[in-house]
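So the chains spell out like this:
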Amino acid sequence: MDLVTYFKNTRLGRGKTRAGRSSAFVLGLSLVLCIALSDLPVVRRYVSAENSSKIVLEFDTVSDKTNTYQVLISETVYSDGQRGTNLYREDFQIQETVAENGKALKTVVCVGSVTPVGEPIRKLEPSGYYLTVDKTGRILEVRGLKPWDGRRMETIWLGQALLPEHPVEPGDTWTVNDVFFSRTTGGKTPEKRAYRFLGTESWGNDTAYKIGYEIVGKGMDNHQDYTYVSTGAFYLASGSLVKLDASEMVTYAGSPEESKIITMIQVSAVK
């Protein structure tokens, strides 16, 4: 029997007892579904009195897992009137282990290569470090992160992703003015961050949530003041970062000639 016939028969006078049982069953099923959906991790929906829904975006910090990423970096350095370009290809493996109080420990291992323009490809020394993060993506602790292969200002690209602590819908924004781990020394620098929830896109059989951002930071490196600007977007699916596109520029002052580093970063999760 299809739904149309079912409701027709109900209206034409099926017994009140059967109709009552059907209504109770439908109501009970609805309550079960609502409870089940509200308990799903990573993304939850809130419905207001105006019948509009908002989404809670958060990283999955309750499951042990391993994610693999391919990172492509184009780095252009302007210094002392000279211009140089380096092309990096890096493979990251990130093992996430559940920690206490809703946190996760990330063990990051990176191998890769660099190709200075006009020179042969050479392998990079393997790099590894540890991050403790919460469900918003904020890095709470860094261990073992150090300069490698002369890249003293490498940004922790994982640290660009910072989610809000409240439900949002497409178009909503949030800002943070704080200090963040963002340097290979493991130290913190003050940054102003602005984010916007841009909507959803398909990621294989999953739905990815797209967030755009702009980050501005200031600090000192090797006795030189610098300004750091990063813009881009990252994608969240199943509680993990699956894609990031970023443009970064670090400008140094305090030398006879101002120098700067312009970096383009593409990060993709390996499915």
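Throughout, a residue's number is its position along its own chain's written sequence, starting from 1. The model is predicted, so local features are restricted to residues of pLDDT at least 70 and side-chain atom pairs to those at 80 or more, both for listing and for counting; the totals for chains, interfaces and linings are taken over all residues. Side-chain numbers come from the whole structure's heavy atoms, not from hydrogens or water.

Some thoughts on the side chain of Glu191
- Where helices and strands are cited, they refer to DSSP runs of H or I of at least four residues and of E of at least two residues respectively, numbered from the N terminus. Residue placement: Glu191 occurs in strand β10 (residues 188-203).
- Residue burial is assigned from relative accessible area. The probe radius is 1.4 Å, only protein chains are included, and a residue is buried under 20% of its type maximum, exposed over 50%, and partly exposed in between. Residue classification places Glu191 among the buried residues on the basis of a relative accessible area of 2%.
- Here a polar contact is taken to be a pair of N or O atoms separated by no more than 3.5 Å, where protein atoms must pair a possible hydrogen donor with a possible acceptor and residues adjacent in sequence count only if both atoms sit in side chains. Side chain to side chain, Glu191 and Arg193 meet in a polar contact 2.9 Å long.
- Residue contacts for Glu191: discarding those within four places in its chain leaves Val176, Asn177, Asp178, Phe180, Ser182, Ile215, Val216, Gly217 and Tyr228. Contacts between residues were defined by any pair of non-hydrogen atoms, one from each residue, lying within 4.5 Å.

What about the pattern of salt bridges?
- By definition here, a salt bridge exists when the distance from a side-chain nitrogen of Lys or Arg to a carboxyl oxygen of Asp or Glu is within 4 Å. Inspection of every chain in the model, using the stated rule, returns nine salt bridges.
- Note that Arg138 is salt-bridged to Asp178, the shortest N-O span being 3.5 Å. Highlighted residues: Arg138 in the loop between β7 (127-133) and β8 (139-143) and Asp178 in strand β9 (residues 173-181), separated in sequence by 40 residues.
- The partly exposed category is assigned to Asp178, whose relative accessible area is 31%.
- With its nearest N and O atoms 3.8 Å apart, the salt bridge here joins Lys210 to Glu201.
- Residue classification places Glu201 among the partly exposed positions, given a relative accessible area of 37%.
- Ionic contacts of the salt-bridge type, sharing partners, join the residues Asp60, Lys65, Glu96 and Lys106 into one network.

Section: the confidence of the model for the protein
- For the protein, the average pLDDT comes to 81, and 75% of its residues sit at 70 or higher.
- Confidence scores per residue from the predictor, reported as pLDDT, run from 0 to 100. Here residues 1-42 is a poorly scored stretch, pLDDT under 50, and it has 12 contacts once near neighbours within four places are set aside; other chains count.
- Between residues 47-51, whose pLDDT stays under 50, and residues either more than four places distant or in other chains, the model counts two contacts.

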